[in-house]
Amino acid sequence: MRIDTDVVPDYPLSWQARALTGLMWSTVKPISSLLMRHPLALVGAARLGELGRVMRVPCPEHVEVEPAAFSACGGEWVRAGRELDERKAVLYFHGGGYFSCSPRTHRSITWRLSAAAGRPVLALDYRQGPVHRLADSLADALDAYDCVLHQGYAAEDVVLAGDSAGGHLTLATLLALRDAGRPLPAAAICLSPWADLTDIPRRENRWQDPMLPAGRVRWLARRWTSGLDPLDPLVSPVHGDFTGLPPLMIVTGSTEVLRDEARRVAVRAREAGVSVRYEEWPRMPHVFPILADVLPEARQAFLHMSRFLKEVAGAGSAAGDTAAA
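One structure accompanies this document, and this report is about it. (Residues numbered from 1 in each chain as written. Predicted model: local features only at pLDDT ≥ 70, side-chain atom pairs only at ≥ 80, totals over all residues. Heavy atoms only, no water.)

## Some details on the overall build of the protein chain
Scanning the protein chain from terminus to terminus reveals nine helices and nine strands. Taking all 325 residues of the protein chain together, the buried fraction comes to 54%. Residue pairs at least 24 apart in sequence account for 78% of intrachain contacts in the protein chain once pairs closer than 6 positions are excluded. When the accessible surface of the protein chain is totalled, it reaches about 13900 Å², and 56% of it is carbon and sulfur. (Helix = DSSP H or I, 4+ residues; strand = E, 2+ residues; numbered from the N terminus. Buried < 20%, exposed > 50% of the residue type's maximum accessible area, 1.4 Å probe, protein only. Contact = heavy atoms within 4.5 Å. Areas by Shrake-Rupley, 256 points an atom, 1.4 Å probe, with all protein chains shown as cover.)

## Details of helix α8 (residues 259–271)
Over its 13 residues, α8 runs 19 Å from end to end, which matches the ideal 18 Å to within 8%, given 1.5 Å per residue. Taken residue by residue, α8 has Arg259, Glu261, Ala262, Val265, Ala266 and Ala269 as its buried positions. On the buried face of α8, the contacting elements are α6 (165–179), β8 (248–253) and β9 (276–281). (Expected span 1.5 Å × (residues − 1).)

## With respect to empty space enclosed by the protein
Applying the stated criterion across every chain, the model contains one cavity of 30 Å³ or more. Space inside the largest cavity adds up to approximately 40 Å³. Taken together, the residues of the lining of the largest cavity break down into three nonpolar, four polar and two charged. (1 Å grid on protein atoms, 1.4 Å probe; cavity = no way out; pocket = protein on both sides within 12 Å on 5 of 7 lines; lining within 4 Å. Points joined across faces, edges and corners; volume = space filled by probe spheres on them. Nonpolar A, V, L, I, M, F, W, Y, C, P; charged D, E, K, R; others polar.)

## Observations regarding the packing of aromatic side chains
Using the criterion set out here, one finds four aromatic pairs in the structure. Centre to centre, the rings of Tyr11 and Trp281 are 5.6 Å apart; their planes meet at 25°, and the pair counts as stacked. With Tyr11 in the loop between β1 (5–7) and α1 (15–26) and Trp281 in strand β9, this residue pair connects regions lying 270 residues apart in the sequence. Geometrically, the ring pair formed by Trp281 and Phe288 is tilted, given 5.3 Å between the ring centres and 50° between the ring planes. For Trp281, a relative accessible area of 2% puts it in the buried group. Using a relative accessible area of 0% as the deciding quantity, one classes Phe288 as buried. Connected via pairs of aromatic rings, a cluster forms that spans Tyr11, Trp281 and Phe288. In this structure, Arg206 is placed above the aromatic ring of Trp207, and the distance from its NZ or CZ to the ring centre is 5.4 Å. (Phe/Tyr/Trp six-rings, centres within 6.5 Å; stacked < 30°, edge-to-face > 60°. Lys NZ or Arg CZ within 6 Å of the ring centre and 35° of its normal.)

## Overview of the pairing of strand β5 (residues 121–125)
Of all five residues in β5, five are buried; the element is thus mostly enclosed. The alternating pattern of β5 places Val121, Ala123 and Asp125 and Leu122 and Leu124 on opposite faces, both of which are buried. As judged from the five bridges shared by strand β3 (residues 74–80) and β5, these two strands associate in the antiparallel manner. Each residue of the ladder has a partner; that of Gly74, found in β5, is Asp125. Across four bridges, strand β4 (residues 89–93) lies against β5 in parallel orientation. Among the inter-strand pairings, Val90 is bridged to a residue of β5, identified as Val121. Between β4 and its parallel partner β5, the chain crosses via helix α4 (residues 107–117), and the hand of that crossover is right-handed. (Pairing = 2+ DSSP bridges. Right-handed = clockwise from strand over helix to strand, strands pointing away.)

## A few points about the packing of helix α5 (residues 134–150) against α6
α6 packs onto α5 with a crossing angle of 65° between their chain directions and a minimal axis gap of 10 Å. One finds that α5 runs roughly perpendicular with respect to α6. Between α5 and α6 lies a crossing of right-handed hand. On the side of α5, the interface is formed by Ser137, Leu138, Ala141, Leu142 and Tyr145, while α6 contributes Leu169, Ala172, Thr173, Ala176 and Leu177. Here the contact of α5 with α6 is built from residues that sort into eight nonpolar, two polar and no charged. (Axes fitted to C-alpha atoms, helices over the stretch in contact; angles between N-to-C directions. Parallel < 35°, antiparallel > 145°, perpendicular 65-115°, else oblique. Left-handed = near helix turned anticlockwise from the far one by under 90°.)

Interpretation in functional terms is not warranted from these geometric data alone.
See below:
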């Protein structure tokens, strides 16, 4: 596996994927259209999302979950087994459009990512709308990164990762750290990142996407960017200068309405000299790795993430050996 490459995995489309995307078309997409239409609906969805912080989310017996606290928010450490490298960590930002979900709702990702990375994962419960703003979420992400370093982790032993809005937060955090002259993590993984919050119509895949309605994504972007410059790279990372950032892995589905944003991030990052592994999975829905309990393709994606991180570690070791020589 090479780090800087484009990949279209050619696994046969599973019957589970066919059935699930059909079900999403008739349930998830209509519900999303209703939710992302009025501010009061977001408030209601956010309150329902609070249940995600208290509900019991089962994990395999070998997975340990430990609550974690920070100055402005909390989170949880997720460890998939005891044979992990405790000198290294993944800092994970969950998705949910910046108004819903929590570390608990994304445990199907975080425990598998812990196993794939061979290290513990810190899933951050960052502040979200409609009460809080994008700047609050970014402040929490930067604070969590500081906390991880203060606990003794070296920056080169940390990986950032996130999905959807969490992918946006991953990219914004990298840009903010770079701009502040801070030590950067070894790599980052973005699953279906929401990278462009400018007021643009999304025409690609607007009918093919089985989950996200393009018009509602645009409406939500307007809400979160109210009073902000949507071209600010910390608001729309796709417009940023990626010079100096660590290797990126971007995973998306071919029929996603956000697919082109992921592609544009890969292009801009490469133009700035950043190694990018861009994977576009045929007919996979938005953030399909979260469906690993039922989708064989999602389970395969974590094997790809594991190989990416091993390649990054190998490249880092080779660079260190060259510098020493």
